[in-house]
Amino acid sequence: MEGAQEDPAESSSSVPRFAEPAGSARGAEVLPPEESGAAAKKLCGYLSKFGGKGPIRGWKSRWFFYDEKKCHLYYSRTAQDANPLDSIDLSTAVFDCKADAEEGTFEIKTANRIITLKAATKQVMLYWLQQLQMKRWEFYNSPPAPPAAPDAALAGNGPALRLELEQEEAEPDDFLGPVRTPPGLVGVAAALQPVPTMPLALQNISLKHLGTEIQNTMSNIRGNRQAQGTGHGPPGEDPPLSSEPQRAEQPLPSDPSTPGKDPADSPKPTPKSSLTANLIQKAKRQNNTFPFFADGLTRSRTAQEKVLALEQQVLMLTKELKSQKELVRILHKALEAAQQEKRATSAYLASAGEKDRLELVRHKVRQIAELGRQLEALEQERDSLVQTASLREQQVQELQQHVQLLMDKNQAKQQVICKLSEKVTQDFTHPPTQPPVPPGAADRDLLSQQEKMEQLKDDMEAYRTQNRFLNSEIHQVTKIWRRVAEKERALLMKCAYLQAKNCQVESKYLAGLRRLQEAVGGEATECSELLRQLIQEALQWEAGEASADGVELSPISEYDEYGFLTVPNYEMEDLKLLAKIQALEVHSHHLLAHEAVERPLRERWAALSDLAPSVELKQLLRAGVPREHRPRVWRWLVHLRVQHLQSPGRYQELLSRGQVREHPAARQIELDLHRTFPSNKHFTCPTSNFPDKLRRVLLAFSWQNPTIGYCQGLNRLAAIALLVLEEEESAFWCLVAIVETIMPADYYSKTLTSSQVDQRVLQDLLLEKLPRLMAHLGQHRVDLSFITFNWFLVVFADSLISNILLRVWDAFLYEGTKVVFRYALAIFKYNEEEILRLQDGLEIYQYLRFFTKTICNSQKLMNIAFNDMNPFPMKQLRQLRTAHRERLEAELHELERLKAEYLETRNSRDPAVPEGCTKHFSTDEQEYAVSEGNLNIL
C-alpha cells in the first residue's frame, strides 16, 4: 500500500485537491489510472484520540495522515486544516490492542508517551494497525544510502569496510491475515465524509495547540467568506422545502475527474436550493467542522419534523458561533497585548530626549513593580493552597482510619458469610424437601446459560485476534531490532576505521615535521622558527579534542589499562615528537585490529572453558590473551610450572621470617623500589600500594632462593606479575616460576653465566636468520650484546610497549625461553631496513637505544616471530647453548689461570710489600677481575 509522499504541512491540505472543480487549472487534468489508484491508497482517515485535561478530557475527533519520508503519523482537527496539530514518530513505536477495551480502541506506544486511539469499527482498527505495521517495516527496510568508498591508504591497513547490509525480504506473517480496506472510512474518500459529531463543540478543540487552532480557524473563516461572496446567494431566500435533497449531495462525486460537481468552488450554484441544502453544502465545504445531520431531509418527513431538525441545527450553529466568538476574543487579547508592546517600543524609539525615554523606562519599572505585587499575591495564594493541602491530608488520614474500620467491619461480615456458606453446604448435603420446580424455570436457566456461552465465545474470539496481532507485532519488532543492531555495528566499524585513518594522517604529519626538523638543523631562520611552533602545537594537541561532535570510540588517554604512559616522557625535543608519533601509530593499529582480530580472539577465549595443554591453546597464547582473561590464564600457567614447589602457607612463612631478621639484600631492594618503572602510575603515585607489595614479594623471594637472593632485574619481573595478577602471592610464585623453572640455572647468579651464553647463541641465530644485517653491523663494529643483554634478563620489560610486552609474556610463560629468542630476532627483522640505512656506528647505537619503542604493530611482530623465523627447533637451541657454555667456561678457566700467574709473578718481584697493602691490593684485583667478567658478558 502506497503512503503519502508530501511534507506534513502539505499532506493535510492535499486531500481535497482530488475533488477540485473543472473551472480550476488542476481540476481540468484527468489523473491517470496509476495516480488515481495511488491516491486512493493513501493512509489517512478520521480516528478518535483520547486526550485533554480537566472537564474537557475525553475523545476528540482527529484527521490522521501518514508521511512516508519521516515515518510520522500527523493529525489535525479536520482534513482541510492548513497546519497539523502534532505528529507521532512511528519509527520507534509499538502497537497494542486489548481485548477487554472498548471496541475499536488501540494504542501507539512511543518512548515518550502512549497515544490511545479509537476507530469506528473493529475492522477499521485492524486495518489501521496492519497498515501502520507495514509502513514501519517499509521505513526500516528501505535501502540505505550507498557509503563512500574507503580511502586507499585506509584499505591497505585493514579489511575494507562494508556497510551494505543484505536487504531482508518482508516475510509474510501467518499471525494476522490481510484486512480488507473499509470503504469510505480510510483513504481520500474519508475526507469527503462528515466529521464524527462531538457532544460539545469546544471539546474537540485542542487547547494544547491553541496557536495552530487559531491559524486553522482563521484560514477556514477566510475561505468561507470568499466562498459565500462568490458562490452563494443571501441566506434569506427560502425556497420550498419539498425540493429534492439529492441536489445537495450532487457536488460529492466518486470520480474526482468529473468536472462541474463540486459546490464548494462552483461559480454558479442553483439559486433556488433550499435552506437545508445550503446548510448541508456549507457543512461539507468546511468538512463538517461542527456536526450536522446525515445528508439532508427525506421527502417522507412531515413539516413539523423538518422544523424540529432545522431548530436543532440552529442551536448547534449557535454553539459553534459562541466557540468562534471565544476564539476571536482570545485573538483580540493577544492582538491588544502585541499592539501595546509595539506602541511602547515605538514611543521609546521615537522619543527625542533622554527624559522621555527615562519616563518610559520608569513606566516599565512601575509595571514590573505591579507584576511583583501580583507575584507576591500569587505566592500568598500558593501558601494558602499548601495549608489547604495539609488539611486535605488530615482528612485523608481520617478517611484512612474510617476505611480501616470498614475493613474490620467487612472482615466480620466475611466471618458471617463463612458461617452461612457452611450452612448452605449442609443444606446441599442434606437437602430439605423442596416444592416441585415450575416447568418454565428450566427453560429460563438454559437460555441464560446459552447467553453466557455466546458471551464467552465472543471473548475468546477477541482474545484470539489480540493474540495474533501481538504475535505479529513481536515478530516485526524483533526483525527491526536486528536490522538496527546490524546498522549500528557497521557504523561503529566505520567510525573505528575513520578514527584510525585520522591517527595515521596525524602520524604522517608529525613524521613530516620531524624530517623537516632534521633537514633544517640548527639554523636560526624564519622557517625554523615556524617549524618549532608547529612542533610545539603538535606536542600540546590532544587527540580527544579533534572532534567535539564526533564519535570517540577509544580516545588516546595519558595512561593505558596497566598504568603505563601511552606517550613516553622523553626530555629531548625530537624524541618527544617521536613519542607522539608512536602513540598515534599504536592507537591506529589498535583501532584497525579491533574488529578484524581482537573481537574474534575474544570470542575464541570466551568459548574456551577449561585450560589444558594443547595445540589450540598454544596458538591462542601466541595471539595474545584478552585483558579480562589474562589473570586467570597466568595463574594457571604459573601453577603448571611450580605445583611441585608450592605448599600452603609458604609465602606467609617467608614473610614472617623476614620480620624476625633483616635479609642482606633488603637495602638493595629498597633502593631499586623507586627505580621500578618510573613511567607507570602504580609505582610513582605516593598513595599507591604497589611499591609495598613489590617489597614484600622481593623479600620473600630472597628467603625462598638464598643462592640468588636478589639481582637487579628481578624487581621488573615481579612488577609485571603484580600489574597483571594484582595478588602478592600469585606474583611471588610467578617470579619463582620464571627464575627457577623457565630460565636456565645461573641466569641471575653473580657471574650471570647463562645470560652470557644466551647472548652468544643469539649472535649465531642472527648470523643464520639475518646475515645482511649482521654484516652491516660488523662493518661498523656494533656489538649488539650491549642492547640485547637487558632484553633477556628482564624479558623485554624495559623495551617494548605494554600491549606487545604482555603478549610476549603470554607465550613466554607457556613455551619458555625459546619465545625470547624468537621475539629478539623478530625485533631486528622488523626494523632491519631502518638499521641498514644508517651508515655511522654512533648513529646506529643511538637508534638501537629506543628503536624497540617504535614497534607498534603487534600482529606484524607476532607473524615475524612465529612464521618468518621458522624453522626454530628447540634441539638446535640446546646444542648451541651447550657448545657456547663449554667455550665460556674454558675462557673463564683460562682467565683464572692468567690471573693466578700474574699474582704469583707480582708477589715474586716485590716481596717487601706490607701485608695490609697486599690484602688491600688483592681485593682490588678481585673487584677488577669481576668487572672484567661483567664487561666480557656485556
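Since the structure is predicted, the reported quantities are computational estimates derived from the model, not experimental observations.

Conventions we followed
Residues numbered from 1 in each chain as written. Predicted model: local features only at pLDDT ≥ 70, side-chain atom pairs only at ≥ 80, totals over all residues. Heavy atoms only, no water. Helix = DSSP H or I, 4+ residues; strand = E, 2+ residues; numbered from the N terminus. Buried < 20%, exposed > 50% of the residue type's maximum accessible area, 1.4 Å probe, protein only. Contact = heavy atoms within 4.5 Å. Areas by Shrake-Rupley, 256 points an atom, 1.4 Å probe, with all protein chains shown as cover. Phe/Tyr/Trp six-rings, centres within 6.5 Å; stacked < 30°, edge-to-face > 60°. Core = buried A, V, L, I, M, F, W, Y, C linked by side-chain atoms within 4.5 Å. Salt bridge = Lys/Arg side-chain N within 4 Å of Asp/Glu carboxyl O. Pairing = 2+ DSSP bridges. Axes fitted to C-alpha atoms, helices over the stretch in contact; angles between N-to-C directions. Patch = residues over 30% accessible without salt bridge, like charges linked within 9 Å, V, L, I, M, F, W, Y side chains within 5 Å. pLDDT = per-residue confidence, 0-100. Expected span 1.5 Å × (residues − 1). Parallel < 35°, antiparallel > 145°, perpendicular 65-115°, else oblique. Left-handed = near helix turned anticlockwise from the far one by under 90°.

**Overview of the overall build of the protein**
Turning to step 1, where the next piece is worked out: A tally of regular secondary structure across the protein gives 30 helices and 7 strands.
Turning to step 2, where the next piece is worked out: Across the 938 residues of the protein, 38% fall into the buried class.
Turning to step 3, where the next piece is worked out: For the protein, the share of sequence-separated contacts (at least 6 apart) that also reach a separation of at least 24 residues comes to 71%.
Turning to step 4, where the next piece is worked out: Of the roughly 55300 Å² that the protein leaves accessible, carbon and sulfur atoms contribute 55%.

**Concerning the packing of aromatic side chains**
Turning to step 1, where the next piece is worked out: Scanning the entire structure with this criterion turns up 20 aromatic pairs.
Turning to step 2, where the next piece is worked out: A centroid spacing of 5.0 Å and a plane angle of 70° characterise the contact between Tyr46 and Trp63, whose relative ring orientation is edge-to-face. Residue Tyr46 is found in strand β1 (residues 44-51), and its partner Trp63 is found in strand β2 (residues 58-67); the two are separated by 17 residues along the sequence.
Turning to step 3, where the next piece is worked out: For Tyr46, a relative accessible area of 11% translates into the label buried.
Turning to step 4, where the next piece is worked out: Ring centres 5.2 Å apart and planes at 40° place the aromatic pair Phe64 and Tyr75 in the tilted group.

**Description of the nonpolar core**
One broad trend across soluble globular proteins is that nonpolar side chains are buried collectively.
Turning to step 1, where the next piece is worked out: Core analysis: the biggest nonpolar cluster contains 116 residues, and Trp605, Leu714, Phe796 and Phe828 have the highest contact counts within it.
Turning to step 2, where the next piece is worked out: Tyr75, Leu90, Met125 and Leu132 belong to the second-largest nonpolar core, a separate cluster that totals 28 residues.

**Brief notes about the pattern of salt bridges**
Turning to step 1, where the next piece is worked out: For the structure on display, the rule yields 34 salt bridges.
Turning to step 2, where the next piece is worked out: With a shortest N-O distance of 3.7 Å, Arg113 and Asp86 are connected by a salt bridge. Here Arg113, found in the loop between β6 (105-109) and β7 (114-118), pairs with Asp86, found in strand β4 (residues 86-89); they are 27 residues apart in sequence, far enough to count as distant.
Turning to step 3, where the next piece is worked out: Relative accessible area serves as the criterion here: at 30%, Arg113 is assigned to the partly exposed category.
Turning to step 4, where the next piece is worked out: Here Asp86 falls in the partly exposed class, since its relative accessible area comes to 24%.
Turning to step 5, where the next piece is worked out: When the shortest N-O distance is used, the salt bridge between Glu832 and Lys829 registers 3.4 Å.
Turning to step 6, where the next piece is worked out: Take Lys829: its relative accessible area is 34%, and that puts it in the partly exposed class.
Turning to step 7, where the next piece is worked out: Connected through salt bridges with shared partners, the residues Asp96, Glu107 and Lys109 form a single ionic network.

**A closer look at the sheet that holds β6**
Strands in a sheet are paired, the pairing made by backbone hydrogen bonds, and the direction either parallel or antiparallel.
Turning to step 1, where the next piece is worked out: The sheet built from 7 strands is open, its strands ordered β4-β3-β2-β1-β7-β6-β5 with antiparallel pairing. In the strand order of this sheet, the two ends are held by β4 and β5 (94-96), each with one partner. Taken pair by pair, the neighbouring strands of this sheet meet at an average axis angle of 35°, ignoring direction.
Turning to step 2, where the next piece is worked out: Direction of pairing for strand β3 (residues 72-76) relative to β4: antiparallel, over a ladder of 4 bridges. Across the sheet, the residue bridging to Tyr74 is Ser87, located in β4.

**A look at the pairing of β6**
Turning to step 1, where the next piece is worked out: The buried fraction of β6 is high, at 4 of 5 residues.
Turning to step 2, where the next piece is worked out: Pairing analysis gives 3 bridges linking β5 to β6, with the strands arranged antiparallel. The residue of β6 that forms the bridge with Asp96 is Glu107.
Turning to step 3, where the next piece is worked out: The pairing of β6 with β7 spans 5 bridges and is classified as antiparallel.

**What to know about a nonpolar patch on the surface**
Turning to step 1, where the next piece is worked out: On the surface, a nonpolar cluster with roughly 450 Å² of combined accessible area is contributed by Tyr348, Leu349, Leu358, Val361 and Val365.
Turning to step 2, where the next piece is worked out: Of all the elements in the fold, those that place two or more residues in the nonpolar patch are α8 (303-350) and α9 (354-429).
Turning to step 3, where the next piece is worked out: Here the element with the most residues in the nonpolar patch is α9; it accounts for 3 residues.

**As for unusual backbone geometry**
Turning to step 1, where the next piece is worked out: Look at the link from Asn870 to Pro871: it is a cis peptide, with omega at -5°.
Turning to step 2, where the next piece is worked out: Its location among the elements puts Pro871 in the loop between α28 (858-868) and α29 (874-909).
Turning to step 3, where the next piece is worked out: The phi dihedral of Arg781 is positive, around 55°, even though this residue is not glycine.
Turning to step 4, where the next piece is worked out: On the secondary structure map, Arg781 appears in the loop between α22 (771-779) and α23 (785-794).
Turning to step 5, where the next piece is worked out: Here the phi dihedral of Val795 falls at roughly 55°; this positive angle occurs in a residue that is not glycine.

**A word on the confidence of the model for the protein**
Turning to step 1, where the next piece is worked out: When pLDDT is averaged along the protein, the result is 76, and 70% of the positions lie at 70 or above.
Turning to step 2, where the next piece is worked out: Low pLDDT, under 50, characterises residues 1-40; the stretch is placed with 75 contacts to residues that sit more than four places away or in other chains.
Turning to step 3, where the next piece is worked out: Scored below 50 in pLDDT, residues 916-938 shows 18 contacts in the model against residues more than four places distant or in partner chains.

**So, helix α20 (residues 728-742)**
Turning to step 1, where the next piece is worked out: The first and last C-alpha atoms of α20 sit 20 Å apart over 15 residues, in line with the 21 Å expected at 1.5 Å per residue.
Turning to step 2, where the next piece is worked out: Of all 15 residues making up α20, 12 are buried, and the element is well covered by its neighbours.
Turning to step 3, where the next piece is worked out: Taken together, the buried positions of α20 are Glu728, Ser730, Ala731, Phe732, Trp733, Cys734, Leu735, Val736, Ala737, Ile738, Val739 and Ile742.
Turning to step 4, where the next piece is worked out: Those residues of α20 that are buried lie in contact with α14 (630-642), α15 (650-660), α18 (690-704), α19 (714-725) and α24 (802-815).

**Side note on the side chain of Thr852**
Turning to step 1, where the next piece is worked out: Inspection of the secondary structure puts Thr852 in the loop between α27 (841-850) and α28.
Turning to step 2, where the next piece is worked out: Residues in contact with Thr852, not counting those within four places in the same chain, are Trp791, Ser799, Leu800 and Ile827.

**Focus: the packing of α14 against α24**
Turning to step 1, where the next piece is worked out: Axis separation between α14 and α24 bottoms out at 9 Å; the angle between their running directions is 30°. Classified by the angle between their axes, α14 and α24 sit roughly parallel to one another. The two elements α14 and α24 meet at a crossing, and its hand is left-handed. Of the residues in α24, those in contact with Arg630, Trp634, Trp636, Leu637 and Arg641 of α14 are Leu806, Arg807, Trp809, Asp810, Phe812, Leu813, Tyr814 and Glu815.

**Looking at the environment of Ile669**
Turning to step 1, where the next piece is worked out: Residue placement: Ile669 occurs in helix α16 (residues 666-673).
Turning to step 2, where the next piece is worked out: Each C-alpha atom of the pair Ile669 and Leu714 lies 9.6 Å from the other, and the pair is 45 residues apart in sequence.
Turning to step 3, where the next piece is worked out: Once residues within four sequence positions are removed from consideration, Ile669 is found in contact with Leu698, Leu699 and Tyr710.

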